[in-house]
Amino acid sequence: MTGIRLQAPAPGWAIDADVVVVGSGVAGLTAALRCTAAGLRTVVVTKARLDDGSTRWAQGGIAAALGDGDTPDQHMEDTLVAGAGLCDEVAVRALVTEGPDAVRRLIATGARFDTDEAGTIELTREGGHHRRRIAHAGGDATGAEISRALVDAVRERAVRTIENALVLDLLTDAGGRTAGVTLHVMGEGQHDGVGAVHAPAVVLATGGMGQVFSATTNPAVSTGDGVALALRAGAEVSDLEFVQFHPTVLFLGREAEGQQPLVSEAVRGEGAHLVDADGVRFMVGQHELAELAPRDIVAKGIMRRMREQGTSHMYLDARHFGARMWETRFPTILAACRAHGFDPVTEPIPVAPAAHYASGGVRTDLRGRTTVPGLYACGEVACTGVHGANRLASNSLLEGLVFAERIADEIAAGKARAGGPVPQPVPHPAPRVLPLLDPAARARVQHVMTHGAGVLRSAASLAEAAEQLDAVYAEAAGRPTGGEGTTATVGTGATESTEGAGGDKTAEPGVESWETTNLLCVARVLVAAARRREETRGCHWREDHPDRDDDAWRRHLVVRLGPDRSLDVRTTDTHDLPPTTPDTRPPAPEAPTPAAPASEPSAPGPSTPRTPTTPDPADKAAARREPQP
């Protein structure tokens with residue numbers, strides 16, 4: 001444990017539970033429903049309303065080997081190719097083999113996917129997939145339908161929920177195990193809503209951190225709260241440099257900020273073409289799948305063409321669909337385009353890449369366990385090893401389903417083994433309080449990240465971003481940049497300061513200041529990792545290191561926050577992630593065990609422990625102490 005906490009009032013109320021799930025997307029609600037079904041007292045904490053997370057914005061669909069002729073092995077091969085050498089193959093196999101039955105259980109819960117006249121699920125294709133394996137609902141409203149079904153099930157089964165609540169920090173017991181969370185229930189501008197949920201298991205399902213950039217497809221609630229909480233709790237995060245920029249986001253102008261309308265990859269899957277202002281299909285010849293190449297390749301292709309022509313966007317041409325197809329297959333996208341003054345029926349759609357998905361996050365094992373006992377993570381906040389350096393399209397909803405189920409089964413099994421009362425949290429001696437940022441700093445952080453650590457990165461841009469982020473923190477701490485504290489050498493040879501005790505000019509505790517502080521935390525970790533990885537791989541594009549370097553960089557970066565608020569960034573010896581916790585269980589069988597019928601939740605089998613990495617002297621020497629978040 002770091003002993004670091006957000007500045008906040010002491011909890012004024014508390015409730016007890018067996019498990020608290022933080023987040024209400026597909027991962028969080030799936031975990032909550034399965035824990036409830038296992039007889040666990042479950043509390044769901046969500047930042048806004050139950051259906052306000054990223055899940056309901058998912059347009060394309062959910063990938064699974066459900067179609068004739070498709071197999072988990074083929075799905076696995078496409079996933080590994082997209083992940084650019086950094087996927088955990090055992091985790092990917094768990095995803096693709098357990099995925100089809102997880103989707104069927106979702107249907108049994110009440111989700112209604114689009115079907116043909118015979119009642120067979122209609123499947124489409126997206127980037128990186130060699131087969132049609134994407135199930136969709138409402139044409140292009142898959143996430144909204146999945147969210148509806150899960151929210152209805154949660155309410156029907158009377159799962160206890162706390163809405164409009166921002167989670168603050170992890171609570172621990174005397175042995176350092178998880179004992180719950182503190183949270184703030186948002187009132188009418190009051191800051192006295194801090195309470196606690198005491199529980200021996202906490203599941204982080206808080207979604208992504210897209211709001212760290214100026215333009216993103218993520219909703220306003222995606223401010224990296226789960227990753228920041230985990231870092232303060234002493235958990236390790238991994239692969240945060242791999243932020244996927246969706247290639248086709250509706251371009252609303254150079255100065256557009258906040259959540260931007262997504263134009264789903266499914267539009268290209270149905271035959272839309274990427275063209276420049278002259279109508280030339282520039283992706284042809286760049287990849288065997290052309291517009292349906294993995295997202296990192298398409299995003300790079302768009303950016304290259306933009307640079308060549310000195311433009312700020314490209315176009316997606318689907319005029320050949322005709323009005324009827326647009327209205328029936330993509331009604332949500334059609335309405336969004338028309339709302340912004342574009343009609344895809346009669347004109348090409350202006351598009352440009354925008355921040356979309358974090359492939360990295362809180363490091364977990366195959367049962368969702370982090371490096372902090374009792375703390376689990378699933379969905380976009382987690383790094384399960386499934387996505388590697390670049391997520392395959394529509395694998396995110398499936399990952400949320402599969403690993404949420406695995407977590408729930410693990411917690412239920414642990415409860416059966418342990419029994420006993422809920423562990424009681426203990427106060428940390430002299431907790432170190434982070435200086436809170438003024439909410440006005442949020443736009444500044446986003447601007448710095450967009451220009452220094454966006455789609456195109458370099459040593460110079462990342463060094464400048466790190467310096468500016470350090471200045472933001474220094475101002476919050478009430479001291480000059482580069483003032484008190486020691487210095488830490490970073491990858492470029494520059495130096496950056498680490499904090500002393502901090503100053504007294506911080507912002508007042510409140511939702512906006514907590515969110516902005518969390519954004520700065522994840523921004524600094526992302527930049528530190530991006531500076532260290534001196535290659536181009538997946539969705540990490542270094543202009544000064546344009547090639548993929550498997551000899552030096554087919555490995556992961558693991559980051560941990562120290563009690564002195566410095567970042568310990570280390571490199572694994574191989575492309576395998578080390579285990580998060582000692583595991584004496586037997587390894588999983590090579591072949592997947594038969595799944596239970598769709599109407600009965602089936603417990604996944606035990607998994608193969610990952611091979612630990614043994615640091616050698618060279619790697620120890622290379623491990624640098626980065627500036628604090």
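It should be noted that the structure appears before, not after, this text.
Residues numbered from 1 in each chain as written. Predicted model: local features only at pLDDT ≥ 70, side-chain atom pairs only at ≥ 80, totals over all residues. Heavy atoms only, no water.

Novice: Before we move on, can you summarise the overall build of the protein chain with the specific residues and values?
Specialist: When helices and strands are counted, the protein chain shows 15 helices and 28 strands. When each of the 629 residues of the protein chain is scored for burial, the buried share is 59%. Just so you have it, the protein chain exposes about 22700 Å², and 51% of that area is on carbon and sulfur atoms. (Helix = DSSP H or I, 4+ residues; strand = E, 2+ residues; numbered from the N terminus. Buried < 20%, exposed > 50% of the residue type's maximum accessible area, 1.4 Å probe, protein only. Areas by Shrake-Rupley, 256 points an atom, 1.4 Å probe, with all protein chains shown as cover.)

Novice: Please give an account of the side chain of Arg457 that cites residues and values.
Specialist: Looking at the secondary structure, you find Arg457 in the loop between helix H11 (441–452) and helix H12 (459–476). Nearest to the buried, unbridged Arg457 among oppositely charged side chains is Glu241, at 6.9 Å. Within the structure, the side chain of Arg457 is placed 2.8 Å from the backbone oxygen of Glu241, a separation counted as a polar contact. Polar side-chain contacts of Arg457 include one of 3.1 Å to the backbone oxygen of Gly454. Among all residues touching Arg457, those that are not within four sequence positions of it are Glu241, Val243, Phe245, Gly452, Leu462, Leu526, Ala530, His540, Trp541, Arg542, Glu543 and Asp544. (Lys, Arg positive; Asp, Glu negative; His and termini not counted. Salt bridge = Lys/Arg side-chain N within 4 Å of Asp/Glu carboxyl O. Polar contact = N/O pair within 3.5 Å; in protein donor to acceptor, adjacent residues only side chain to side chain. Contact = heavy atoms within 4.5 Å.)

Novice: Go over the nonpolar core, please, and point to the residues and values.
Specialist: Val197, Leu204, Val267, Trp326 and Met449 are the most contacted members of the largest nonpolar core, which has 107 residues in total. Counting residues per element, this core draws most heavily on helix H13 (residues 511–532), which supplies 13 residues. Excluding residues within four positions of it along the chain, Leu204 makes contact with Val22, Gly226, Leu229, Ala230, Leu375, Tyr376, Ala377, Cys378 and Val381. (Core = buried A, V, L, I, M, F, W, Y, C linked by side-chain atoms within 4.5 Å.)

Novice: Outline H11, supporting the account with residue identities and numerical values.
Specialist: In this model H11 runs 16 Å from its N-terminal to its C-terminal C-alpha over twelve residues, within 8% of the 16 Å that 1.5 Å per residue would give. Looking at H11, one finds that the buried residues are Ala441, Arg442, Val445, Gln446, Val448, Met449 and Gly452. Each buried residue of H11 lies within a common arc of 160 degrees when the element is viewed along its axis, so the set occupies one face. If you follow the buried residues of H11, they end up packed against H12 and H13. (Expected span 1.5 Å × (residues − 1). Arc of directions from axis to C-beta.)

Novice: A description of the pairing of strand E12 (residues 201–204) should follow, citing residues and the corresponding values.
Specialist: Neither face of E12 is exposed, since Ala201 and Val203 on one face and Val202 and Leu204 on the opposite face are all buried. In this sheet, E12 lies alongside strand E3 (residues 19–22) in parallel orientation, the contact comprising four bridges. Counterpart to Val21 in the pairing with E12 is Val203. (Pairing = 2+ DSSP bridges.)

Any functional reading would require information that these geometric values do not contain.
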